[in-house]
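# Fold and contact review
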Amino acid sequence: MATEESRRIKDLDTLKALGHPLRMKLYRALKVTGTATASQLADQVDEAVSLVSYHLRKLATHGLIEEAQARGDARERWWRPADDGISTRDEDFRDSPESAAVHSAVTRIYARQRNEMYESYLDTQHAWPGDWRNAVFSSERILSLTAEELQRLGDEINEVIGKWRAHGKDAREAGDVEGRENVAVHTYGFPFRT
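Residues numbered from 1 in each chain as written. Predicted model: local features only at pLDDT ≥ 70, side-chain atom pairs only at ≥ 80, totals over all residues. Heavy atoms only, no water.

## What to know about a nonpolar patch on the surface
- Taken together, the side chains of F137, I157, I161, V183 and V185 define a hydrophobic patch exposed on the protein surface, amounting to about 450 Å² of accessible area.
- The residue V185 is located in the segment after α7 (147-173) in this model.
- Classification of V185 as partly exposed rests on a relative accessible area of 40%. (Patch = residues over 30% accessible without salt bridge, like charges linked within 9 Å, V, L, I, M, F, W, Y side chains within 5 Å. Areas by Shrake-Rupley, 256 points an atom, 1.4 Å probe, with all protein chains shown as cover. Salt bridge = Lys/Arg side-chain N within 4 Å of Asp/Glu carboxyl O. Helix = DSSP H or I, 4+ residues; strand = E, 2+ residues; numbered from the N terminus. Buried < 20%, exposed > 50% of the residue type's maximum accessible area, 1.4 Å probe, protein only.)

## Here we look at the packing of helix α3 (residues 38-45) against helix α4 (residues 49-61)
- Two elements in contact, α3 and α4, have axes separated by 9 Å at closest approach and are oriented at 110°. Accordingly, the angle class assigned to the pair α3 and α4 is roughly perpendicular. Between α3 and α4 lies a crossing whose hand is right-handed. Every residue of α4 that contacts α3 at A38, S39, L41, A42 and V45 is listed here: V49, V52, S53 and L56.
- Partitioning the contact of α3 with α4 into residue classes produces 7 nonpolar, 2 polar and no charged. (Axes fitted to C-alpha atoms, helices over the stretch in contact; angles between N-to-C directions. Parallel < 35°, antiparallel > 145°, perpendicular 65-115°, else oblique. Left-handed = near helix turned anticlockwise from the far one by under 90°. Contact = heavy atoms within 4.5 Å. Nonpolar A, V, L, I, M, F, W, Y, C, P; charged D, E, K, R; others polar.)

## So, the packing of aromatic side chains
- Under the criterion given, the structure shown has 2 aromatic pairs.
- Residues Y118 and Y121 carry aromatic rings whose centres are separated by 6.4 Å and whose planes lie at 25° to one another, so their mutual orientation is stacked. Taken as a pair, Y118 and Y121 lie in helix α5 (residues 97-124) at a separation of 3 residues, close to a single helical turn.
- Among the residues examined, Y118 registers a relative accessible area of 33% and is labelled partly exposed. (Phe/Tyr/Trp six-rings, centres within 6.5 Å; stacked < 30°, edge-to-face > 60°.)

## Focus: the packing of helix α2 (residues 21-33) against α3
- At a minimum axis distance of 10 Å, the contact between α2 and α3 shows a crossing angle of 115°. Regarding the angle of α2 to α3, the classification is roughly perpendicular. The interaxial crossing formed by α2 with α3 has right-handed handedness. For the pair α2 and α3, the contacting residues are L22, K25, L26, A29, L30 and T33 in the first and L41, Q44 and V45 in the second.

## Side note on the environment of L153
- Along the chain, L153 turns up in helix α7.
- Residue L153 is classed as partly exposed on the basis of its relative accessible area of 29%.
- When the C-alpha positions of L153 and Y188 are compared, they lie 11 Å apart, and in sequence the two are 35 residues distant.
- For L153, the residues in contact, after removing those within four places along its chain, are L143 and L145.

## Quick word on the pattern of salt bridges
- Using the criterion set out here, one finds 9 salt bridges in the structure.
- A salt bridge links R165 to D84; its shortest N-O distance comes to 2.8 Å. Pair noted here: R165 is in helix α7 and D84 is in the loop between β4 (78-81) and β5 (85-88), with a separation of 81 residues, a long-range link.
- The buried category is assigned to D84, whose relative accessible area is 18%.
- Two residues, D176 and R180, come together in a salt bridge whose shortest N-O distance is 3.1 Å.
- A residue is classified by how much of its surface remains accessible, and D176, at 39% relative accessible area, is partly exposed.

## Looking at the sheet that holds β4
- Pairing is antiparallel across the open sheet formed by 3 strands, whose spatial order is β2-β4-β3. The outermost strands of the open sheet, each flanked by one partner alone, are β2 (36-37) and β3 (65-68).
- Two elements, β3 and β4, share 4 bridges in a ladder whose sense is antiparallel. When the bridges of β4 are listed, I65 appears paired with P81.
- Where α2 meets the sheet, its contacts fall on β2, β3 and β4, and the angle it forms with β4 comes to roughly 90°. (Pairing = 2+ DSSP bridges.)

## A short note on α3
- All of the buried residues in α3 are A38, L41, A42 and V45. Along the long axis of α3, the arc covered by the buried residues comes to 105°, so they all point the same way.
- Each element contacted by the buried residues of α3 is listed here: α2, β2, α4 and β4.
- One or two residues past the end of α3 sits D46, with phi positive at roughly 55°. (Arc of directions from axis to C-beta.)

What follows is the structure, given as structure tokens:
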């Protein structure tokens, strides 16, 4: 059953299952639509329905997505995310070189896909109305923090994003959809040395 909590992936097999670029795209598409069929998702990712069905079953095998109540044609399987979101942490995959390498590879795929999303917006920004273009933000701030302070900053950012996510979800459920779009918020916080 879908819950309102993010699932922290800690096992290598589930991480490997998620670590396929198409599966990541399918998972993200389900997060946006809430529920969809393999045919609908195949149209969104421009892949064959049979390939999409295969990858959806892999995601379901690892509990990342689940069957949703059928709508319309009962012959089609409907899918939805099994959790509110997913996360991974480096600390859960340090026990072996293989685990660390898989976690690094999956994290890099996510980073590339997030960057592709932003670049896609940049390529089409002229087509968005001025109020949307004025609302878009991108910034980099250089801070001097301890590891504990960085952790607290991340927790605070996630709390704020969670508040706005709940607001948007409640508004949509109440029928307030006028002018409402899907919005991606990507944040990073990491140490570096010059």
